[in-house]
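Residues per chain are reported as follows:
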Amino acid sequence: MSYETILTEKKGAVTLITLNRPKALNALNSQVLTELIDAFAAFENDESQLCAVLTGAGDKAFAAGADIKEMADKPAADFLKEDYFSGWTNDIVKKVRKPWIAAVNGFALGGGCELAMMADFIIASENAKFGQPEIKLGVAPGMGGSQRLTRFVGKSKAMEMCLTGRMMGAEEAERSGLVTRVVSADELLDDALRTAETIAGMPPLAVMINKEMVNVAYETVLDQGLLAERRMFQVLTATEDKTEGMKAFVEKRPGNWKGR
Ligand code: CAA
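One numbering rule holds for all chains: residues counted from 1, following each sequence as written. Per-residue local features of the predicted model are confined to residues with pLDDT of at least 70, and side-chain atom pairs are confined, for both listing and counting, to 80 or more; whole-chain, interface and lining totals are unaffected and use all residues.

Participant: Would you mind going over the environment of Gly-142 with me for this structure?
Facilitator: Only DSSP runs of H or I reaching four residues or more are called helices, and only runs of E reaching two or more are called strands; each is numbered from the N terminus. With respect to the helices and strands, the residue Gly-142 is situated in the loop between β8 (129-131) and α6 (145-153). Using a count of 27 C-beta atoms within 10 Å as the deciding quantity, one classes Gly-142 as buried. Note: C-alpha distance between Gly-142 and Gly-111 (31 residues apart in sequence) is 7.7 Å. Ignoring sequence-local partners within four residues, the contact set of Gly-142 consists of Phe-85, Glu-229, Arg-230 and Phe-233. Partly exposed residues are those whose C-beta has more than 12 but fewer than 20 other C-beta atoms within 10 Å; with 20 or more the residue is buried, with 12 or fewer it is exposed, and the C-beta atoms are placed from the backbone. What counts as a contact is two residues whose backbone-derived C-beta atoms lie within 7 Å of each other.

This is the structure we're talking about:
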């Protein structure tokens, strides 16, 4: 499959995958998901590839979220029928048994923050900004934000971030346990690739089991939470505030909320 929205490159035993829609701040549309599923499957099935790094093109964003322009006019029934966002958990998180690292530069918002949290761990640059601003669009996270962010940083910070949409800078993200470490923007990719090479040099079966075991500790009841969260996102797409919130974003003006 040839890709239009991502780039992939093999660097020895490490696959580098780059979200490549910099003009849209690497927003995650259906095509990105389809291509990422294919790229992660290729990585998983290639015996020469032992660890992957996912990053965003440009210096402004890892990914600024699910593509609002794609969702703005979509009827609520379609979100439900398509089980919108299910591919992220079902085809990327669950099917990839090899480790992968998110190297986060700039904005990781909404689905971008959620995608970074799907990685086995996150390395951030000093300019990284994490957030779940879905509330400003009249919805709530739909790709794991309310569930994974709460597990990473605890209820208080996750609740505040989801309710206010405020962003968390790199230093706070490290202090809160969201990211492994913070490095300079210039160092980010080298650091992530070096770390991936170290993992690629470990015994592959032990790598697989270590990943599984940490995830067992982390995910015991996550599945139910993710399904509930996705349904709630899909239900919120039926509200007038969702239509208004996404329209207001496209028109670059504040939303006028109705509470219905
Ligand atoms: N979807 C679609 N397009 C997006 C986008 C998104 N999530 N984020 C940014 N873009 C586009 C902008 O529309 C703009 O395109 P145009 O040049 O065609 O107008 C371009 O990327 C550059 O963005 P800005 O001009 O807005 O850049 P900025 O520097 O002024 O602001 C920002 C940066 C604060 C990140 C701002 O772009 C922003 O708030 N983006 C939306 C963030 C957001 O709400 N994310 C959550 C999406 S919903 C979601 O993800 C649901 C879920 O749980 C999965």
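Additional details are given in the paragraphs that follow.
Participant: Just checking my understanding: could you explain the nonpolar core for this structure?
Facilitator: In summary, soluble globular proteins display a tendency toward joint burial of nonpolar side chains. Take the buried Ala, Val, Leu, Ile, Met, Phe, Trp, Tyr and Cys residues, join any whose C-beta atoms are within 7 Å, and the set you get is a nonpolar core. Residues Val-53, Ala-108, Ala-116 and Ala-196 are the most contacted members of the largest nonpolar core, which totals 72 residues. When residues no more than four places from it in sequence are discounted, the contact partners of Ala-116 are Phe-62, Ala-102, Val-104, Ala-108 and Ile-122.

Participant: Sorry, what's going on with the site of the ligand here?
Facilitator: Looking at the ligand, there are 22 residues lining it, with Ala-64, Gly-65, Ala-66, Gly-110 and Gly-111 nearest. Elements represented by at least two residues in the shell around the ligand include exactly α2 (68-71), β6 (107-109) and α5 (111-118). To decide nearness, the C-beta atom of each residue is placed from the backbone, and the residue is near a molecule or strand if that atom lies within 6 Å of it.

Participant: I'm lost on helix α12 (residues 240-250) in this one. Help?
Facilitator: Given 3.6 residues per helical turn, the α-helix brings residues three or four places apart onto the same face. Within the span of α12, buried status applies to Lys-242, Gly-245 and Met-246. Buried residues of α12 fall within an arc of 90 degrees about the axis and therefore sit on the same side. Close packing links the buried residues of α12 with α2 and α11 (222-236). Following α12 by one or two positions, Lys-252 adopts a phi angle in the positive range, close to 55 degrees. Directions drawn from the helix axis to the C-beta atoms are what define this arc.

Participant: Where do I start with the sheet that holds strand β7 (residues 121-125) in this structure?
Facilitator: Hydrogen bonding along the main chain pairs the strands of a sheet, whether they run parallel or antiparallel. Strand pairing is assigned whenever DSSP detects at least two bridges linking the two strands. The sheet built from six strands is open, its strands ordered β1-β2-β3-β5-β7-β10 with mixed pairing. Only two strands of the sheet have a single neighbouring strand rather than two, namely β1 (6-11) and β10 (181-183). Adjacent strand axes in the sheet meet at a mean angle of 20 degrees, parallel and antiparallel pairs treated alike. Bridge count for β1 against strand β2 (residues 14-19) is six bridges, and the pairing is antiparallel. Of the residues in β2, the one forming a bridge with Leu-7 is Thr-18. Here an axis means a line fitted to C-alpha atoms, over the contact stretch when the element is a helix, while the angle between two N-to-C directions is reported on a 0 to 180 degree scale.

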